[in-house]
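Residue-level structure breakdown
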Amino acid sequence: MNEAAGPGWADDAAGVELSPEERAAEERLALVDRITGLEAQVAELQSAPLLSPTETVALERNVAAMQGSTTWRVGRAVMFPVRALRYAKRRFLS
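Just so we're clear, the structure is a prediction, and the values are computed from it rather than from any experiment.

Reading guide: rules and limits
Residues numbered from 1 in each chain as written. Predicted model: local features only at pLDDT ≥ 70, side-chain atom pairs only at ≥ 80, totals over all residues. Heavy atoms only, no water. Helix = DSSP H or I, 4+ residues; strand = E, 2+ residues; numbered from the N terminus. Buried < 20%, exposed > 50% of the residue type's maximum accessible area, 1.4 Å probe, protein only. Expected span 1.5 Å × (residues − 1). Bend = angle between axes of the 7 residues up to and from the residue. Patch = residues over 30% accessible without salt bridge, like charges linked within 9 Å, V, L, I, M, F, W, Y side chains within 5 Å. Areas by Shrake-Rupley, 256 points an atom, 1.4 Å probe, with all protein chains shown as cover. Salt bridge = Lys/Arg side-chain N within 4 Å of Asp/Glu carboxyl O. Contact = heavy atoms within 4.5 Å.

Counting its secondary structure elements, the protein chain contains 4 helices and 0 strands. Helices (α) and strands (β) of the protein chain occur, in sequence order from the N terminus, as α-α-α-α. Residues classed as buried in the protein chain amount to 0% of the 94 residues present.

Taking 1.5 Å per residue, 24 residues should reach 34 Å; helix 4 (residues 70–93) reaches 34 Å between its end C-alpha atoms and fits that length. Along its length, helix 4 shows its largest kink, about 50°, at M79, and proline P81 lies within four residues downstream of that point. Of all the 24 residues making up helix 4, 0 are buried; the element is thus mostly uncovered.

A few words on a nonpolar patch on the surface. A cluster of nonpolar side chains, contributed by V74, V78, M79 and V82, occupies part of the molecular surface with about 330 Å² of accessible area. Tracing the backbone shows M79 in helix 4.

With respect to the secondary-structure elements, Q67 resides in helix 3 (residues 53–67). You can call Q67 partly exposed: its relative accessible area is 41%. Q67 has contacts with W72 and R73, leaving out every residue within four places of it along the chain.

Structure, rendered in structure tokens:
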């Protein structure tokens, strides 16, 4: 498992070997514990706003200005056939 975490309870009992079933159960418990911790981290990150309202408004304005530019429109027009082919491939060939 994790050697950097230090000795575990099984390391205290010298000469005691875990059966394969016990070892698998320990590994499952460690995995469940890690998943629970990661789920808590994800929930914390999802609940915290990444940007302030002022920053959000500024970014929305920047995106609107970018999408209104001539370069953006020309790029969209040039790439339209590629997007249409991708859509058709996903829709009709999958």
